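What follows is each chain in one-letter form.
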Amino acid sequence: MQSLVIVAHGSHLNPESSAPTYDHADTIRATGAFDEVKTGFWKEEPHFREVLRTVEGDEVYVVPLFVSEGYFTEQVIPRELRLDGWDVSAWGSDGLSADQATLVAEDIDREVRYCGPVGTHRAMTDVIVRRAESVTDDPDVGEGFGLAVVGHGTERNENSAKAIEYHADRIAERDRFDEVEALYMDEEPEVDDLPDFFESDDVVLVPLFIADGYHTQEDIPEDVGLCEDHTEGYDVPTAVEDTRIWYAGAVGTEPLMADVVLERAADAGADLGTALDDVRETTRVATGD
Amino acid sequence: MADQSPDADRETDDDGSPTETQAADSEPAVPDIDLPSDAFDAVLDALGERADPDEGAPEPIRFEGFAVAVSGGDRADDADARYVLDPAGDDPRTGLSERELHAALAERAPAVTDWYAFERVVGEFGPRRAFLRWIEDADGATVAARYAALAEGIERAWGQLRVTARVTDRGERRYDVRHADDAGVPIDELDAHDDPLDAREIVKLDEKGRYRPLKTAPTLRDGWVFADLGPRDAYEVVETVYPATVANWHREREGDLDVTHWRETMERQSGIYGVVKTWDRGEGHEHVNWVAEACCDDSQCLKRREWEYDADTELDVDGGDGAFPCREPCSVVVSAARKWTRLESEQPRTYEFELTPSEKEQVEDIIDAVADGRIDEIREADTKEGANRYRARFLRAKRFDDEGNLGGVPTDEDAEE
């Protein structure tokens, strides 16, 4: 019996924090690729500490819905899941290449496949592009547009910036957008100065965050100048100086994120049948005609 | 467990088990059960699975009061197979054809459908199986007693949930799950759901639309029902409303609940929560008593606190009466403890300001009203209440200076200069 456990941060304050996790779990559940799909949280229930004991299957894949390798994926989750003998070297990662480690979870005395976070998977690049398509409502968006991939930056962990750069570089190589830049909230180049980094009249701003919350709904819109105060709201697009900014909100809310969760499990050995194709198809942006 | 329903005791004991009131006067009748073909086929399948040509006579399937086996050497999937029915304390009936076996099992349909319900529908998974068996006391009561009770409807409390189990005339279990406050309300007056995952939306906000960060807080809103569920879906609803509570309850019943006490939990914390371990200074556990009184009381959380200060030091406050255990300080407690660790590092100071006796009591009333979640109950014009809004505004107008300092006394002495 094959089980998927999606683990995410969750929130004590924001009721919508868990929404993307539930949505992606539902998308994957509908494919029938897993006998069960469970969700566990750091700040909600079931907690990381107790989620595995709710799992019935004997082949368990744990996929962290986090944007980068670091404190949560390397320390908190393995500790709270009680993965026996965990050491970050099990992933053998350079900060971007964590794939999976097979360890016994002491809580249930069964092996689990502990996967790398969704945010550093190569398929995440496609989600960022898909997010740009969604917010512009144009499945061919690219020509005449710049794309800003925005992350938190180095607070606590340098891998956060690595993931942003990785995806920005991969998108730039595709020559789809006129310009692609990696920008940060708390380090240079800063998202506050977004118009300075682009020549294009239109720029899609995609924050590499899992859920909408304080950073994506208050910080970034105010810092970029989409609004004076987040409570006023903002239009999409909003002109700042001479740049029309298409603010996408957290990339993690994009339905195609379910695909990255599946890719992580597949890389760790899960048998998915046609689920990957199914999810790519069902989450597409409708063409206008 | 703080059961919110004042009528709860009429139907359940303190531990949530059904009372005997139904059976006291007239023994309810065992309903007529038709043996469905899927249950009979499952019996044949199970007999087939047990037949191993190399192992000699296969193990019989044991039902309550009798057992069934394939006659020696025959195979259950063979149309000519013969069967043995072995009633306890009576002579076995041998050489039964499949048709004769069906007739014999149809006469014993309650026991056969009971086997089918738990072995094939509910399945092996420990927490789910134990919970659904507990609902109808399947490890204590006879099939006849349970089917009679199920025909009337068996009700169980689980936190603020009311689970009702019934049996159909084909021996299938069906369940309703609703808020305890909605016990007895007709289904068509409630918001009906059938997908257990719908419960995620129900548990998100309380009746005033406020986010519920703690799923086991006694603030579950009412007005909904999951009606006519199968066993697995019933379990999923309960698991979604109160995640992992069944798993922990099951471990506790099995005698292997893994309790992690306060000190161990705080020692484990890292990052921004790492500071909480400094709150324990080897000066006793009074601060943890205060935490448990603040956060873990039945009025705040329906889990029964089983964790203590450490394995040798029990807290002095009650752990509550909940059906399901709390095995370690939760993330809400750890987050609050982080705040208290900082606040409690301050040294007390002596402030001097004047209050009338009534004003002192009013301050106490306000703290009580907030702590007990009563502020919404205090009527706008009820100025007898110290925590009444006009009373509070009057006190502020009289006793606060322009900077918001009580009695005009700055919080920080240095701020005076």
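Residues numbered from 1 in each chain as written. Chains lettered and ligands numbered in written order. Predicted model: local features only at pLDDT ≥ 70, side-chain atom pairs only at ≥ 80, totals over all residues.

> Outline the overall build of chain A, supporting the account with residue identities and numerical values.
Counting secondary structure elements, chain A contains 8 helices and 10 strands. By the compact-globule yardstick of 19 Å for 289 residues, chain A fits well, its C-alpha radius of gyration being 19 Å. Expressed along its principal axes, the backbone C-alpha trace of chain A runs to roughly 60 × 40 × 35 Å. Considering only contacts in chain A between residues 6 or more positions apart, those separated by 24 or more positions represent 69%. (Helix = DSSP H or I, 4+ residues; strand = E, 2+ residues; numbered from the N terminus. Rg over C-alpha atoms; globule rule 2.2 N^0.38 Å. Contact = placed C-beta atoms within 7 Å.)

> Break down the domain arrangement of chain A for me, citing the residues and quoting the values.
Residues and elements named next belong to chain A. Taken domain by domain, chain A consists of domain 1 (2-120 + 255-282) and domain 2 (123-253). Spacing between the C-alpha centres of domain 1 and domain 2 amounts to 26 Å. The interface of domain 1 with domain 2 comprises 25 residues on the first partner and 20 residues on the second. For the side of domain 1 that touches domain 2, the secondary-structure elements that each account for two or more residues are helix H1 (19-31) and helix H7 (257-267). Tallying contributions element by element places H7 first for the side of domain 1 that touches domain 2, with 4 residues. For the side of domain 1 that touches domain 2, a count of residues per class yields 12 nonpolar, 9 polar and 4 charged. (Domains from an automatic or database assignment. Nonpolar A, V, L, I, M, F, W, Y, C, P; charged D, E, K, R; others polar.)

> A description of unusual backbone geometry should follow, citing residues and the corresponding values.
Residues and elements named next belong to chain A. For the bond from Glu45 to Pro46, the omega torsion is 0°, close enough to zero to count as cis. Looking at the secondary structure, you find Pro46 in the loop between strand E2 (36-41) and helix H2 (48-51). With an omega dihedral of -15°, the bond running from Glu188 to Pro189 counts as a cis peptide bond. Within the secondary structure, Pro189 sits in the loop between strand E7 (179-184) and strand E8 (202-207). Positive phi is not limited to glycine here, since Asp137 has a value of about 55°. Position of Asp137 relative to the elements: it lies in the loop between helix H4 (123-136) and strand E6 (145-151).

> Can you break down helix H8 (residues 275-282) of chain A residue by residue, with the values?
Given 3.6 residues per helical turn, the α-helix brings residues three or four places apart onto the same face. Residue and element names in this part refer to chain A. Buried within H8 are the following residues: Ala275, Asp278 and Val279. Around the axis of H8, the buried residues are gathered within 95° of arc, so they sit on the same side. Seen from the open side of H8, the exposed residues pointing more than 90 degrees away from its buried face are Asp277 and Glu281. Against H1 and H7 lie the buried residues of H8. (Buried ≥ 20, exposed ≤ 12 C-beta atoms within 10 Å, placed from the backbone. Arc of directions from axis to C-beta.)

> Which residues make up the interface of chain B and chain A, and what values go with them?
Listed as interface residues are 18 residues of chain B and, on the opposing side, 15 residues of chain A. Where the side of chain B that touches chain A is concerned, the elements lending two or more residues are helix H8 (199-204) and helix H13 (331-343) of chain B. Here the side of chain B that touches chain A takes 3 residues from H13 of chain B, the largest share from any one element. In terms of residue class, the side of chain B that touches chain A is made up of 9 nonpolar, 4 polar and 5 charged.

> Account for the environment of Val332 of chain B, naming residues and giving values.
Mapped onto the elements, Val332 of chain B comes out in helix H13. Note: C-alpha distance between Val332 of chain B and Pro213 of chain B (119 residues apart in sequence) is 7.7 Å. Apart from residues lying up to four places away in sequence, Val332 of chain B is in contact with His12 of chain A together with Pro213, Leu214 and Cys295 of chain B.

> Describe the pairing of E8 of chain A, with residues and values.
The side chains of a regular strand alternate, first on one face of the sheet and then on the other. Residues and elements named next belong to chain A. Summarising burial for E8: 5 of the 6 residues are buried, a large majority. In the sheet, E8 pairs with strand E10 (residues 243-247) via 4 bridges, with the strands oriented parallel. Across the sheet, residue Val203 finds its bridge partner in E10, namely Ile245. (Pairing = 2+ DSSP bridges.)

> Quick rundown of the sheet that holds strand E3 (residues 59-64) of chain A? Include the residues and the values.
Strand pairing within a sheet occurs via backbone hydrogen bonds; the two strands may be parallel or antiparallel. All names here are of chain A. Taken in spatial order, the 5 strands of this open sheet run E2-E1-E3-E5-E4, and their pairing is mixed. Two strands lie at the open edges of the sheet, namely E2 and strand E4 (100-105), each paired on one side alone. If you compare each strand with its neighbour and ignore which way they point, the axes differ by 25° on average. As paired elements, strand E1 (residues 2-8) and E2 share 6 bridges and run parallel to each other. (Axes fitted to C-alpha atoms, helices over the stretch in contact; angles between N-to-C directions.)

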